[in-house]
Amino acid sequence: MKANKISVLFAAFAIVTSMIGVTYAHWTELISITGTANMGVQRVEIKCYKCGTLDCLCIKHSTVTCVLSEDKQTLNVEWKNVRPHSKLWLILVIENTGTIPVNVEPPSILFNPEEMHEYFKVYTIFFGPFNHLPQIPRDESSNPPDCWNFCRLPRLPVQLDPDQKLIMASCIEFTATCCDFYRLRGTMAEIKITLNYHQWNLS
């Protein structure tokens, strides 16, 4: 009788142990899940540009050459025969070619030679953003639908949604005195204007 009890207990223990083993094996089984996550693309490009110079007394002295970098992020400018109070003006059309909104800030501007930086004043304003660029009227008395939007200045930074465009206008003035001018005369100013933007929800 005692041997039967021991046999029954041993059998019960074996059953419980096997159940625990099956349960443990079931819950520790590895499950592989495969998927694809598409990340947003953050990119703004200079789509087109125009540049020119304005010299003192409207006498043409300085000349400018503008070349867009291959990645369409930087406008490289060579400004020659610069005189005091000469001005360089630039108009750029910027487009969000990515898939997420971005905040556009005033561009990064580097001067070469670096010591010439103190002799330049930079003014930059934005117009937009636009889903379609407005037609700028030739006749000042005309009043197209987008005229007021074109004239409105946005607050900085400017949020630019995918496929939207922004017009950036910059004026760079050479403010050197006559003494500085004669010291720097013959020096060509090289200017790099690079887009400055970041993801819209990051500061």
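That block above? That's the structure.
Conventions and cut-offs
Residues numbered from 1 in each chain as written. Predicted model: local features only at pLDDT ≥ 70, side-chain atom pairs only at ≥ 80, totals over all residues. Heavy atoms only, no water. Helix = DSSP H or I, 4+ residues; strand = E, 2+ residues; numbered from the N terminus. Buried < 20%, exposed > 50% of the residue type's maximum accessible area, 1.4 Å probe, protein only. Contact = heavy atoms within 4.5 Å. Areas by Shrake-Rupley, 256 points an atom, 1.4 Å probe, with all protein chains shown as cover. Disulfide = S-S within 2.5 Å. Patch = residues over 30% accessible without salt bridge, like charges linked within 9 Å, V, L, I, M, F, W, Y side chains within 5 Å. Salt bridge = Lys/Arg side-chain N within 4 Å of Asp/Glu carboxyl O.

Engineer: So what's going on with the overall build of the protein? Which residues, and what values?
Structural biologist: What the protein contains, in helices and strands, is 3 helices and 9 strands. Within the protein, the fraction of its 203 residues that count as buried is 32%. The long-range fraction of contacts in the protein, counting pairs at least 24 apart against all pairs at least 6 apart in sequence, stands at 80%. As displayed, the protein has an accessible area near 14100 Å², and 58% of this comes from carbon and sulfur atoms.

Engineer: Describe the state of the cysteines, with residues and values.
Structural biologist: According to the stated counting rule, one finds 1 disulfide in the structure shown. The residue that forms a disulfide with Cys51 is Cys66, at a sulfur-sulfur distance of 2.3 Å. Linking Cys51 in strand β1 (residues 44-54) with Cys66 in strand β2 (residues 63-68), this pair joins segments that are 15 residues apart in sequence.

Engineer: Can you explain a nonpolar patch on the surface? Please cite residues and give values.
Structural biologist: A cluster of nonpolar side chains, namely Leu54, Trp89 and Ile91, defines an oily patch on the protein surface of about 250 Å² accessible area. Structurally, Leu54 can be placed in strand β1. Accessibility expressed as a relative area gives 44% for Leu54, which makes it partly exposed.

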